[in-house]
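Inside the fold
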Amino acid sequence: MLQRTQIRIEGIVQGVGFRPFVYREALACGVSGWVLNDSRGVLLEAEASPRQLATFLVRLQQRLPPLASITALSQRALPPEGGQGFQIRPSQHQAASEAQIAPDTCVCPECRQELFDPSNPRYRYPFINCTNCGPRYSIVTGIPYDRPKTTMATFTMCPSCQAEYDDPASRRFHAQPNACPQCGPRLQLFKADGGLAATSSPLEAAIGLLQQGRILAIKGLGGYHLAVDACNHQAVAELRRRKARDEKPFALMSGSLAQVRRYARVSASEEHLLTGTERPIVLLEQRLESHLSPLVAPRNGYFGVMLPYTPLHYLLLQDDFLALVMTSGNLSDEPIVFRDEEARARLAAIADAFLSHNREIHTRSDDSIIRTIADKPVLLRRSRGYVPRSIPLPVMQGNVLAVGGELKNTFCLTRRDRAFLSQHIGDLNHPEVSSAFEQSIQLMQHILEWQPQVIAHDLHPDYQSTRYAETRRDLPAVAVQHHHAHLASGMAEHGLTEPCLGMIFDGIGYGADGHIWGGEFLLGDYRGYQRLGHFAYVPMPGGDAASRQPYRMALSYLYQAYGEDLPELPVLTNIPAGERKLLLQMIDQSINSPLTSSCGRLFDAVAALVGLRSHVSYEGQAALELEMTIAEGAAFTPYPYQLRRIAGQLIFDPQQCLRAVVEDLQKGTPVARISGAFHITLASMLLEVCRELGEQSGVSRVVLSGGVFQNRFLTEHATSLLQGAGLEVFTHSLVPPNDGGLSLGQAVIAGQWLKTSAGI
Ligand code: ZN
Ligand code: ZN
Ligand code: FE
């Protein structure tokens, strides 16, 4: 008794060796039929006995090639045809494509083995790849995903590469970037002046320069890195000097886990993340006795570390370095440089030489950043290695383009029950980033063959993303309140549809009352939200300037707590008398002093108060450094604070907490203890708020979102307190808690709006 069935498979099933995999499994199970790629994914027909078919189906789902993932599998019974054998048929391309492109992926173990095998034709060839590994998203120029629609189109395969490409039994069957030293891309070394360096071995010459302490711009998968030997203090100092004003920690790359363990602690879950095919930067606790330059990550208890992900990285790091600094190739705040001419023009003042190659990067993407909190991974930046993998949505919805926020921007496209979150775009207040944002939207729409029905944007009228939304006059627009979007983002990630409490501890976002929100107690779902409470408002003297100069927030909070009798503390006495007077006048007369309920600004105030930071060069810096000071293993008692009911809302007033911090400072209590007690105060307050609002609303699901929840200490303590009280806690993992996750929340809210407006 033969049965025949048609099977449709959707997900990442093209360009990942899926058809040869189906072919091999079909032969192994004694199944006849065929398989092909079409615009929705993979379509196949299989005929065999019911038992053989059942085994075949199980194997299809359980033995997937490394880069493949199935998001949907459906079947339809057909009359048997009694055919023989199994064929891979040519692709069919129809109008609407739903096939998904794979992310860029780290070189696989087989290719790595060939890379270091002297008898292999690709021995030490920096562009070795196969269907299980290599560049994907960054080289795609269109669909279907085929060599002519990639930046490999300009390279013609030699007969031996072509033979592999055509052979279903080969690991390189239809591997679009397939190449070898005879026919593929080549390394090039350029001098700082842009001229080609006279060397027959660019790789060895580059390693030599790094050993001499030179700064190299190195072309990677999604853009250029700036590299120096991380153990060479002078070289690291010089890189910091040339990258002017940038105080962000530098990322590191080491050749092996054993090397990483020499300067950082690696838990089992962190090891798993480091060695995963996405190869993100993992934040790891520093060891005290490391040989690395202290300027790699000043004032930070962590190193951002990744393992090599391209063959070139493996070759660079094979013997000569404990770790290389591998920081994004850009000037402060500019987008990562990815085009060759651009790199040589813009990085000329930083790099001593350029290790480049002639395989073009079509789409830029930064390294992803991940940290573990309560032993679970939390993506702080979701980019290379993860994008454009889709995120499942809790419900089906129409096509939404959500343009995200202003800082750490990402955008999001939705189709049916899938969301496609873009790579990290950056801070849109930079004009270069803003144009990269528009190009990336065009490209993503193009490769997904997708058109929006509605556009979602932030409530803030001056965000570049909001302005972009206004230019798309062809589309209905939905304005989404910033912290409602954070809540929805957390809910969507966990597939929640019932109303949740949203504790949104954030930097700043435009509030529905015109004030600047950022410490919000919300109750809501995708339809809407209620603001059940918030952090007490405090003036931000100078507006945005107060975000860059935390001492202004310290002054504002202390003025609120003490009035005219301000305590004598360095944070205040360091402000020149004239400026101090002016700032207090601005506060008194409400001149350029918007009110804020931001939790991030409270962190800034405390960091400034304890003397950690009076100025910052990036959002969240003061808060991060405050977290890093916490004394390890100590127990802390919360400071006093007040929760008040005002006009039906629950208001957190930290005045008593700030007074207690001041008293501790005057007593000479170490910052490590003050910081711990401050964090614990917020966690206790959060518990009290959730208990009270939970009782009031009957809701026991709590979503923690907003940039402050990148803070490990606060998130871990808040989560365990809430769980101890019987509340269900949802924290971010796949989607960043910071504004990088905002677009997903906007997208599901607008998706809901689309349904409501269509009367569904
Ligand atoms: Zn491979
Ligand atoms: Zn070749
Ligand atoms: Fe935010």
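Scroll up to find the structure.
The text that follows walks through the structure, step by step, so that each part is easy to find. (Residues numbered from 1 in each chain as written. Chains lettered and ligands numbered in written order. Predicted model: local features only at pLDDT ≥ 70, side-chain atom pairs only at ≥ 80, totals over all residues. Heavy atoms only, no water.)

Details of the coordination of the zinc ion (ligand 2)
Note the cut-off: Atoms of type N, O and S within 2.8 Å of a metal are treated as its donors, and for Na, K and Ca the window is 3.2 Å; water is not considered, so some sites may appear to be missing partners. Only four donors with every angle between 85 and 135 degrees are called tetrahedral; only four or six donors with opposite donors over 155 degrees apart and all others between 65 and 115 are called square planar or octahedral, in that order; all others are irregular. Residue burial is assigned from relative accessible area. The probe radius is 1.4 Å, only protein chains are included, and a residue is buried under 20% of its type maximum, exposed over 50%, and partly exposed in between.
Surrounding the zinc ion (ligand 2) are the protein donor atoms C158 (SG), C161 (SG), C180 (SG) and C183 (SG), at 2.2 to 2.3 Å. What the four donor atoms of the zinc ion (ligand 2) show is an angle range of 105 to 116 degrees at the metal, which sorts the shape as tetrahedral. When the donor residues of the zinc ion (ligand 2) are listed from N- to C-terminus, their spacing reads C-x2-C-x18-C-x2-C. For C161, a relative accessible area of 0% translates into the label buried.

So, the nonpolar core
The tendency in soluble globular proteins is for nonpolar side chains to be buried as a group. As a reminder of what qualifies: Residues belong to one nonpolar core when they are buried, are Ala, Val, Leu, Ile, Met, Phe, Trp, Tyr or Cys, and are joined through side-chain atoms within 4.5 Å. A run of DSSP states H or I qualifies as a helix once it reaches four residues; a run of E qualifies as a strand once it reaches two. Both are numbered from the N-terminal end. Any two residues whose heavy atoms approach within 4.5 Å at even a single point are treated as in contact.
By size, the foremost hydrophobic cluster in this structure holds 73 residues, and its most contacted members are M503, F505 and L682. Per-element accounting of this core gives the leading share, eleven residues, to helix α21 (residues 671–697). Aside from chain neighbours lying at most four places away, what touches M503 is E520, F521, L522, L686, V689, C690, L693, V702, V703, L704, S705 and F709.

Quick word on the layout of surface pockets
Counted only if it meets this: Lining residues are defined by having an atom within 4 Å of a point belonging to a cavity or pocket. Those points lie on a 1 Å grid over the protein atoms alone, cavities being sets where a 1.4 Å probe fits but cannot get out and pockets being open sets with protein on both sides within 12 Å along at least five of seven lines. Grid points are joined across faces, edges and corners, and a volume is the space filled by probe spheres set on the points. Side-chain classes follow a simple rule in which Ala, Val, Leu, Ile, Met, Phe, Trp, Tyr, Cys and Pro form the nonpolar group, Asp, Glu, Lys and Arg form the charged group, and the remainder, Gly included, forms the polar group.
By volume, the second largest pocket amounts to about 560 Å³. If you trace the second largest pocket, you find 19 residues lining it, with E285, Y302, M628, I630 and E632 closest to the centre. Those elements that place two or more of their residues in the lining of the second largest pocket are α19 (621–628) and α22 (712–724). With four residues, the top contributor of residues to the lining of the second largest pocket is α22. Considered class by class, the residues forming the lining of the second largest pocket number eight nonpolar, four polar and seven charged.

Focus on the sheet that holds strand β7 (residues 216–219)
Strands belonging to one sheet form pairs held by backbone hydrogen bonds; the direction of such a pair is parallel or antiparallel. To keep it simple, the criterion reads: Strands are treated as partners if at least two bridges between them are detected by DSSP. Only the contacting stretch of a helix is used when fitting its axis, a line to C-alpha atoms as for every element, and angles between N-to-C directions run 0 to 180 degrees.
Read across the sheet, ten strands follow the order β6-β13-β7-β8-β12-β9-β11-β10-β14-β15 without closing on themselves; strand pairing throughout is mixed. Either end of the sheet is taken by a strand with one partner, and the two such strands are β6 (187–191) and β15 (376–381). When strand polarity is set aside, the average angle formed by the axes of neighbouring strands in this sheet is 35 degrees. Along the sheet, helix α5 (residues 202–211) makes contact with β6, β7, β8 (224–229), β12 (324–328) and β13 (353–357), crossing β6 at roughly 45 degrees. Along the sheet, helix α8 (residues 268–275) contacts β10 (281–285), β11 (302–306), β14 (369–373) and β15; its crossing angle with β10, the most-contacted strand, is approximately 155 degrees.

Description of empty space enclosed by the protein
Left-over empty space is what a probe sized like a water molecule reveals as it rolls over the atoms. This structure, assessed with the given rule, holds six cavities of 30 Å³ or more. In this structure, the second largest cavity encloses a volume near 130 Å³. If you trace the second largest cavity, you find 18 residues lining it, with P126, L221, T310, P311 and R359 closest to the centre. Of the residues contributing to the lining of the second largest cavity, the split by class is ten nonpolar, six polar and two charged.

Some thoughts on helix α17 (residues 577–588)
The following threshold applies: Take the number of residues in a helix, subtract one, and multiply by 1.5 Å to get its expected span. Picture the helix axis, draw a direction to every C-beta atom, and the arc is the one those directions span.
Between its first and last C-alpha atoms α17 spans 16 Å; for twelve residues at 1.5 Å apiece the expected length is 16 Å, and the two agree. Taken as a whole, α17 has its buried residues at L583, L584, M586 and I587. Taken down its axis, α17 places every buried residue within 155 degrees of arc, on the same side. In this structure, α17 carries A577, G578 and K581 as exposed residues pointing more than 90 degrees from its buried face. Of the surrounding elements, those touching the buried residues of α17 are β24 (538–539) and α15 (550–562).

Description of the coordination of the zinc ion (ligand 1)
Binding of the zinc ion (ligand 1) to the protein goes through C108 (SG), C111 (SG), C130 (SG) and C133 (SG), at separations of 2.3 Å. In primary-sequence terms, the residues that donate to the zinc ion (ligand 1) follow C-x2-C-x18-C-x2-C. In this structure, C108 and C111 share a single accessibility class: buried.

Some thoughts on the packing of helix α18 (residues 599–609) against helix α20 (residues 655–667)
Quick reminder of the rule: Between 65 and 115 degrees an angle is taken as roughly perpendicular, under 35 as roughly parallel, over 145 as roughly antiparallel, and anywhere else as oblique. For any pair of crossing helices, the crossing counts as left-handed if the nearer helix is rotated counterclockwise from the farther one by less than a right angle, and right-handed if it is rotated clockwise.
With their axes 11 Å apart at the nearest point, α18 and α20 run at an angle of 15 degrees to one another. The orientation of α18 with respect to α20, classified from their angle, is roughly parallel. At the point where α18 passes α20, the crossing takes the right-handed sense. Residue-level contacts link L602, V606 and L609 of α18 to L658, V661, V662 and L665 of α20.

Things to note about the pairing of β8
Most of β8 is tucked away, with six of its six residues classed as buried. Of the two faces of β8, the one holding Y224, L226 and V228 and the one holding H225, A227 and D229 are both buried throughout.

Describing the pattern of salt bridges
The condition that has to hold: Just to be clear on terms, a salt bridge is a Lys or Arg side-chain nitrogen sitting within 4 Å of an Asp or Glu carboxyl oxygen.
Scanning all chains against the criterion turns up 40 salt bridges. For R8, the salt bridge identified is with D38, shortest N-O distance 2.5 Å. Of the two residues, R8 sits in strand β1 (residues 3–12) while D38 sits in strand β2 (residues 32–38), which places them 30 residues apart along the sequence. Assessed through its relative accessible area of 4%, D38 is described here as buried. With its nearest N and O atoms 4.0 Å apart, the salt bridge here joins D474 to R472.

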